[in-house]
Amino acid sequence: MAASARVPTADGKDVFSMRIISASNYEGMSRKAASLLAAQVVFKRDSVLGLATGSTPLGIYRCLIDWYQQGILDFSAVHSVNLDEYCGLSPEHDQSYAYYMDSNFFRHINIQKENTHIPDGLAEDPDGEGARYDALIRSLGGTDIQLLGIGHTGHIGFNEPAPQFVKPTHRVELNRKTIEANARFFASEADVPRYAVTMGIGSIMAAKKILLAANGEGKAEILYEAFFGPITPQVPASILQLHPDVTVVADEAALQVIGEKAPEAMKGC
Ligand code: F6R
């Protein structure tokens, strides 16, 4: 079910309208989020999809692969731009995001390899790489829909809590909590890269549509803070309150705190 959250300003105007789509569990969240990406590709064959890694989107990619295999979806004209990549990992490293995207999605569908884009984690000049990546996204006509997960710190991409929002794609030092959270994918915490290249807040906000997926009770508090707390670079996802087209697809566990503290946003959900 879907509901939409309107936040009135002092003069009574709505400043944003975020849709919340609730699912009973991870599988349901995955199917609902995947169906929004699928609709985008059906409506526009040459869509530019902004993609994410991590555990949240795995079920979404499984659904899209399934629908491709059933002949429902065609990715031959699609372009993709990923949010981020660890610094220092080559695309062949099994924990690089390039490897993740290939093994969990790209190699199972008919997207053209040259149409898939991920920041270069090996770039010697990370600032130059950021500028190249933002120019590339612009040259594709911009991102039609950006899929996001949310970190426990409130990060989107690898934009960690900071004194200010950083707009362009840039190199970033990972937050301690993020390193701990991502250590589960590496042999040890010491192996987790300390830096990443990430789309900046401006690069993410430039997407025409945002689709944020979240599951599990571990995301419940930060999801509430991001969409109902103050807009602050200390909770980077809170900037999404200023985006005109945001859909949050989450399971009941992740929506628990919103349900308790902002029940009006969940009406019809
Ligand atoms: C991944 C990314 C991150 C993740 C976030 C949530 O490309 O940019 O922001 O979306 O860390 O990760 P999971 O889904 O593993 O909880």
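Heads up: the structure comes first, above all this text.
Rules behind the numbers
Residue numbers run consecutively from 1 along every chain, following the written order of its sequence. For a predicted model such as this one, the threshold for reporting local features is a pLDDT of at least 70, and the threshold for listing and counting side-chain atom pairs is 80 or more; totals across whole chains, interfaces and linings nevertheless cover every residue. Only strands joined by at least two bridges in the DSSP assignment are considered to pair. Only DSSP runs of H or I covering at least 4 residues are called helices, and only runs of E covering at least 2 are called strands; the numbering of each starts at the N terminus. Each residue receives a C-beta atom built from its backbone; the residue is near a molecule or strand if that atom lies within 6 Å of it. Think of it as three bins: nonpolar holds Ala, Val, Leu, Ile, Met, Phe, Trp, Tyr, Cys and Pro, charged holds Asp, Glu, Lys and Arg, and polar takes everything else, Gly as well. The convention used is that axes are lines fitted to C-alpha atoms, helices contributing only their stretch in contact, and that angles between N-to-C directions extend from 0 to 180 degrees. To form a nonpolar core, buried Ala, Val, Leu, Ile, Met, Phe, Trp, Tyr and Cys residues must be joined through C-beta atoms within 7 Å. Here a residue counts as buried when 20 or more other C-beta atoms sit within 10 Å of its C-beta, as exposed when there are 12 or fewer, and as partly exposed otherwise, the C-beta atoms being derived from the backbone. Here the contact rule is simple: place C-beta atoms from the backbone, and any two residues whose C-beta atoms are within 7 Å are in contact.

Draft legend 1. Structural view of the pairing of strand 9 (residues 195–198). Here 3 bridges tie strand 5 (residues 84–86) to strand 9, and the two strands are oriented antiparallel to one another. Opposite aspartate 84, over in strand 9, you have threonine 198 as the bridge partner. With 4 bridges connecting them, strand 8 (residues 170–173) and strand 9 associate as antiparallel partners. Looking at the pairing, arginine 171 lines up with valine 197 of strand 9.

Draft legend 2. Structural detail: the site of the ligand. The environment of the ligand is formed by 14 residues, the closest being Thr53, Gly54, Thr56, Gly149 and Gly151. In terms of residue class, the shell around the ligand is made up of 5 nonpolar, 8 polar and 1 charged.

Draft legend 3. Spatial organisation of the sheet that holds strand 8. The 3 strands are arranged 5-9-8 in an open sheet whose pairing can be described as antiparallel. Each edge of the open sheet carries a strand with a single partner, namely strand 5 and strand 8. When the angles between neighbouring strand axes are averaged without regard to direction, this sheet yields 25 degrees.

Draft legend 4. Examining the nonpolar core more closely. Residues Leu37, Leu211, Leu212, Ala213, Leu223 and Val248 are the most contacted members of the largest nonpolar core, which totals 71 residues. The dominant element in this core, judged by the number of residues it contributes, is helix 7 (residues 220–228), at 6 residues. Not counting the four nearest positions on each side in its chain, leucine 212 is found in contact with Leu148, Ile150, Leu240, Val246 and Val248.

Draft legend 5. Highlighting the environment of proline 57. With respect to the helices and strands, the residue proline 57 is situated in the loop between strand 3 (48–51) and helix 2 (58–69). Classification of proline 57 by C-beta neighbours within 10 Å gives buried; the count is 25. The sequence separation of proline 57 and tyrosine 224 amounts to 167 residues, and the corresponding C-alpha distance is 20 Å. Those residues in contact with proline 57, other than ones at most four positions away along the chain, are Ala52, Leu147, Gly149 and Ala213.

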